[in-house]
Amino acid sequence: MTDEKRTGLIPHNCILEDRRTLSVSGVNDVGSFDEEMIIASTDYGELTVKGEKLHITKLSLEIGELCIEGNIAAISYADVPDKNVSFFSKVFR
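About the cut-offs
- Residues numbered from 1 in each chain as written.
- Predicted model: local features only at pLDDT ≥ 70, side-chain atom pairs only at ≥ 80, totals over all residues.
- Heavy atoms only, no water.
- Helix = DSSP H or I, 4+ residues; strand = E, 2+ residues; numbered from the N terminus.
- Contact = heavy atoms within 4.5 Å.
- Salt bridge = Lys/Arg side-chain N within 4 Å of Asp/Glu carboxyl O.
- Buried < 20%, exposed > 50% of the residue type's maximum accessible area, 1.4 Å probe, protein only.
- Polar contact = N/O pair within 3.5 Å; in protein donor to acceptor, adjacent residues only side chain to side chain.
- Pairing = 2+ DSSP bridges.
- Axes fitted to C-alpha atoms, helices over the stretch in contact; angles between N-to-C directions.

> What am I meant to see in the environment of Ser76 here?
Tracing the chain through its elements places Ser76 in strand S6 (residues 65–78). Expressed as a C-alpha distance, the spacing of Ser76 and Ile39, which sit 37 residues apart in the sequence, is 9.7 Å. Other than its neighbours up to four places away in sequence, Ser76 contacts Glu46, Leu47 and Thr48.

Right, dumping it as structure tokens:
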């Protein structure tokens, strides 16, 4: 996604401290969570946090804030599909 397409999106930041505490802003929703994986939705993609003994210590969707504690092993993103791209433009690239 280019910067021009990002206008109007909620600002998003991740702060990881000592691989034990993760603070995330710009969270729209938390799709699923357990002690080994948390999946959160942001305007910049689906955020997946993997680890052990993960706990959500704070979740406020009103302000878009998520705080996680535990043994954090990986943080990854999956791109959000562009809603403005039609089926035919994908087929005839």
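> Before we go on, may I ask you to explain the pattern of salt bridges in this structure?
As a working rule, side chains carrying opposite charge can pair if their charged atoms are close by. Evaluation of the coordinates by the stated rule reveals 1 salt bridge. Between Glu65 and Lys58 there is a salt bridge, with the nearest N and O atoms lying 3.5 Å from each other.

> Help me out: how do you make sense of the side chain of His12 in this one?
By the secondary structure assignment, His12 is in the segment before strand S1 (13–17). The buried category is assigned to His12, whose relative accessible area is 18%. Among the polar contacts made by the side chain of His12, one reaches the main-chain carbonyl oxygen of Ser25 at a distance of 2.7 Å. Every residue in contact with His12, bar those within four places of it in the chain, is listed here: Val24, Ser25, Gly26, Thr42, Tyr44 and Tyr77.

> Help me understand unusual backbone geometry, please; the structure alone is not making it clear to me.
Leave glycine aside and you will find that most residues have negative phi; peptide bonds, for their part, are mostly trans. For Asp18, which is not glycine, the phi dihedral falls at a positive 55°. Among the structural elements, Asp18 can be located in the loop between S1 and strand S2 (21–25). In this structure Asp18 comes out as exposed when scored by relative accessible area, which is 73%. The backbone of Arg19 sits at a positive phi, close to 55°, despite the residue not being glycine. Relative to the elements of secondary structure, Arg19 occurs in the loop between S1 and S2.

> Explain the sheet that holds S1 here, please?
Strand pairing in a sheet relies on backbone hydrogen bonds, with the paired strands running either antiparallel or parallel. In spatial order, the strands read S1-S2-S6-S5-S4-S3; together these 6 strands make up an open sheet with antiparallel pairing. In this open sheet, the two edge strands, each paired with only one partner strand, are S1 and strand S3 (27–33). Taking each pair of neighbouring strands and ignoring which way they run, the sheet shows an average axis angle of 35°. Looking at chain direction, strand S4 (residues 37–42) and strand S5 (residues 45–60) are connected through 6 bridges and run antiparallel. Each bridged residue has a counterpart across the sheet, and for Ala40 the counterpart in S5 is Leu47.

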